[in-house]
Amino acid sequence: MKYLKQLMIILMAYFLGVIIQSIFNLPIPGTVLGLILLFLALYFKIIKVEMIEDTCEILISFMSFLFVPAGVGLMTSFNLLKGKVIAFSVIIIISTIVVWIVTAYVVKFLRKVC
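Should their charged atoms come close, side chains of opposite charge can pair. This structure, assessed with the given rule, holds 1 salt bridge. We note a salt bridge from Lys2 to Asp54, for which the minimum N-O separation is 2.9 Å. Residue Lys2 is located in helix H1 (residues 2-24), and its partner Asp54 is located in helix H3 (residues 53-61); the two are separated by 52 residues in the primary sequence. Look at Asp54 and you get partly exposed, because its relative accessible area is 24%.

Note on placement: Thr55 falls in helix H3. Reaching out from Thr55, the side chain makes a polar contact with the backbone oxygen of Tyr3 at a distance of 3.4 Å. Contact partners of Thr55, with chain neighbours within four places excluded, come to Tyr3, Gln6, Leu7 and Ile10.

This next bit is on the layout of surface pockets. Sizing a probe to match a water molecule and rolling it over the atoms shows the empty space that remains. The space that makes up the largest pocket amounts to roughly 470 Å³. Ranked by the residues each element gives to the lining of the largest pocket, the list is headed by helix H2 (residues 30-43), at 5 residues. Within the lining of the largest pocket, the residues separate by chemical class into 14 nonpolar, 2 polar and 1 charged.

What follows is about unusual backbone geometry. Despite not being glycine, Asn25 shows a phi value in the positive range, around 50 degrees. With respect to the helices, strands and loops of the structure, Asn25 is situated in the loop between H1 and H2. You can call Asn25 exposed: its relative accessible area is 66%.

Right, let's talk about the confidence of the model for the protein chain for a bit. The predicted model of the protein chain has a mean per-residue pLDDT of 92, with 100% of residues at 70 or higher. Element-level pLDDT for the protein chain is lowest in helix H6 (residues 78-81), with a mean of 81, against a maximum mean of 96 in H1.

Here we come to the side chain of Gln6. Tracing the sequence through the fold places Gln6 in helix H1. Judged by relative accessible area, Gln6 falls into the buried class, the value being 4%. A distance of 2.7 Å separates the side chain of Gln6 from the backbone nitrogen of Thr55, its partner in a polar contact. With sequence-adjacent residues up to four places away left out, Gln6 is seen in contact with Glu50, Met51, Ile52, Glu53, Asp54 and Thr55.

Cut-off values and rules
Residues numbered from 1 in each chain as written. Predicted model: local features only at pLDDT ≥ 70, side-chain atom pairs only at ≥ 80, totals over all residues. Heavy atoms only, no water. Salt bridge = Lys/Arg side-chain N within 4 Å of Asp/Glu carboxyl O. Helix = DSSP H or I, 4+ residues; strand = E, 2+ residues; numbered from the N terminus. Buried < 20%, exposed > 50% of the residue type's maximum accessible area, 1.4 Å probe, protein only. Polar contact = N/O pair within 3.5 Å; in protein donor to acceptor, adjacent residues only side chain to side chain. Contact = heavy atoms within 4.5 Å. 1 Å grid on protein atoms, 1.4 Å probe; cavity = no way out; pocket = protein on both sides within 12 Å on 5 of 7 lines; lining within 4 Å. Points joined across faces, edges and corners; volume = space filled by probe spheres on them. Nonpolar A, V, L, I, M, F, W, Y, C, P; charged D, E, K, R; others polar. pLDDT = per-residue confidence, 0-100.

Structure, rendered in structure tokens:
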């Protein structure tokens, strides 16, 4: 029952994000808004980490499994990617570097704040 309660807290943040996105017709996906709402609720201690910790650990342990559909989608659309390997490689390298830099600055900022 504990896991169900924790999952419901996480799903409520998700559903609120989807509802807000559809009501206001925002360009940000509802899932991202849900994550932002969950982050804000954790930051302002509306939700305590202990309230969702166990379910989050389970979800993180299965995270690699959740990437399988994306990988299969790439495999099925390989004909579209053929001949564009260099362009996609450049995009992947640049986006990876950007993610590293942004992550570094966010961690640096959060270490100052917390």
